[in-house]
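# Coordinate inspection notes
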Amino acid sequence: LPMLSPPPDTGLLPVTSDHGLARAGSRAQLAALLELTKPRVTALVMVTMVSGALVAPSPIQPFRLALDLFATSCVVGAANAFNMWMERDSDALMSRTRRRPLPTGRVAPELALAFGSLLAVVGLTLLATSVSSMAASLGWFALSSYVLAYTPLKRVTTWALHVGAVPGAMPPLIGWASVTGSLSREAFALFAILFVWQIPHFLAIATFRAPEYARAGLKVLPNVEGLAASERSVLRYSVLLLFVSVAPAVLGIAPIGYGVVALVSSLAFLGFAVHGRRTLAPERWARRLFLASLPYLVVVFGAFVASVA
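Before going into details, it helps to say that this report is about the structure given with it. (Residues numbered from 1 in each chain as written. Predicted model: local features only at pLDDT ≥ 70, side-chain atom pairs only at ≥ 80, totals over all residues. Heavy atoms only, no water.)

## Points about the layout of surface pockets
Defined as follows: Space inside and on the surface of the protein is sampled on a 1 Å grid over the protein atoms alone, with a cavity defined as a set of points where a 1.4 Å probe fits but cannot get out and a pocket as an open set with protein on both sides within 12 Å along at least 5 of 7 lines; lining residues have an atom within 4 Å of a point. Grid points are joined across faces, edges and corners, and a volume is the space filled by probe spheres set on the points. Numbering of helices and strands runs from the N terminus, with a helix taken as a DSSP run of H or I at least four residues long and a strand as a DSSP run of E at least two residues long.
In this structure, the second largest pocket encloses a volume near 200 Å³. What lines the second largest pocket is a set of 13 residues, and nearest its centre among them are Trp159, His162, Leu221, Ser233 and Arg236. Contributions of two or more residues to the lining of the second largest pocket are made by α8 (160-168), α10 (185-208) and α13 (227-250). At 5 residues, the largest contribution of residues to the lining of the second largest pocket is made by α13.

The structure is reproduced here in structure tokens:
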């Protein structure tokens, strides 16, 4: 390929290629910073947050909802960036995380910390000044409990999963509070479903990635108490998920149509938890359960929003 060069006798350096390299480097740095926010996880969280906003009784103001989406995504992105900063050493020991920006050196730890702090300040400030004080308080609690409680507890106890499920289930509450400025039982119904769903969902991941968690020094139930204990816990929480998901229809929060969808979906999910538990390899059983958990949440939340909104 022809090389770019300055006009003869000017004494200038070939700046065009340097600018191109600088632009490429800037784009790569921005992409790495975006990766710190775990975009796919953040997108799923935004869906659950919007679900809470849509079922709220007050009229939706599009600009305010968009602002809430942006602010909440900043808070969630900050939590993920802080999490990656705190776990950069263990991330380097796991195949699914070793290519993240910090283990690979694409982002310096100081920059990751500063980026997370900026996102947190922007997100919480917007929630407090432009959305509602309740939404800001919930966002602060979710962020602080995820970073200061859940993340360090992962190295100490398997109960970290339950601690982390609390901030993980708060986006519907934030969505509801962003519209009404308060909380109600409809929002807590979504919170309860999301809280319980996270337990079998993550235990499935922990089962088929148990060796990686062991290398990283993170405490997960399959490694600490064994696969049998993890499978029993999956079954218990799958049964609990059935009751929690159907409860809104039983309590009159949602119509019977939602209850039918929730019941069928929960029975199907329970079937995945039971089927193959004794005949399939634990890793294969866990992967099937993990894949089943994703559409389950979309279907149940979608049915709730469609029936209540």
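## Things to note about the packing of helix α14 (residues 256-274) against helix α15 (residues 282-308)
Geometry of a packed helix pair, given as the angle between the helix axes and the separation of the axes. To keep it simple, the criterion reads: All axes are obtained by fitting lines to C-alpha atoms, using only the stretch in contact for helices, and the reported angles, taken between N-to-C directions, cover 0 to 180 degrees. Roughly parallel means an angle under 35 degrees; roughly antiparallel, over 145; roughly perpendicular, 65 to 115; everything else is oblique. Two residues qualify as a contact provided that any one of their heavy atoms is within 4.5 Å of a heavy atom in the partner residue. Note that Gly is not counted as nonpolar here; it falls among the polar residues with everything else outside the nonpolar set of Ala, Val, Leu, Ile, Met, Phe, Trp, Tyr, Cys and Pro and the charged set of Asp, Glu, Lys and Arg.
The geometry of α14 relative to α15 is characterised by a closest axis approach of 9 Å and an angle of 175 degrees between their N-to-C directions. The orientation of α14 with respect to α15, classified from their angle, is roughly antiparallel. Taken together, the residues of α15 that come into contact with α14 (itself represented by Tyr258, Val261, Ser265, Ser266, Phe269, Phe272 and Ala273) are Trp285, Arg288, Leu289, Ala292, Ser293, Tyr296, Val299, Val300, Ala303, Phe304 and Ser307. Here the contact of α14 with α15 is built from residues that sort into 13 nonpolar, 4 polar and 1 charged.

## Considerations on the nonpolar core
Using the following cut-off: Nonpolar cores are built from buried Ala, Val, Leu, Ile, Met, Phe, Trp, Tyr and Cys residues. Side-chain atoms within 4.5 Å join them into one set. Categorising residues by exposure relies on relative accessible area from a 1.4 Å probe, with only protein chains included: less than 20% of the type maximum marks a residue as buried, more than 50% marks it as exposed, and the intermediate range marks it as partly exposed.
One finds Leu36, Leu143, Tyr258 and Phe304 to be the most contacted residues of the largest nonpolar core, which totals 96 residues. At 15 residues, the largest contribution of residues to this core is made by α10. If near-sequence neighbours (up to four positions away) are discounted, leucine 36 is found in contact with Gly77, Asn80, Ala81, Met84, Pro101, Leu102, Val107, Ala112 and Phe115.

## Things to note about α13
How we decide: Expected span of a helix, by definition, is 1.5 Å for each gap between consecutive residues, and there is one gap fewer than residues.
Here α13 is 24 residues long and its end C-alpha atoms lie 34 Å apart, about the 34 Å a rise of 1.5 Å per residue gives. Glycine 252, located one to two residues past α13, shows a positive phi value of around 85 degrees.

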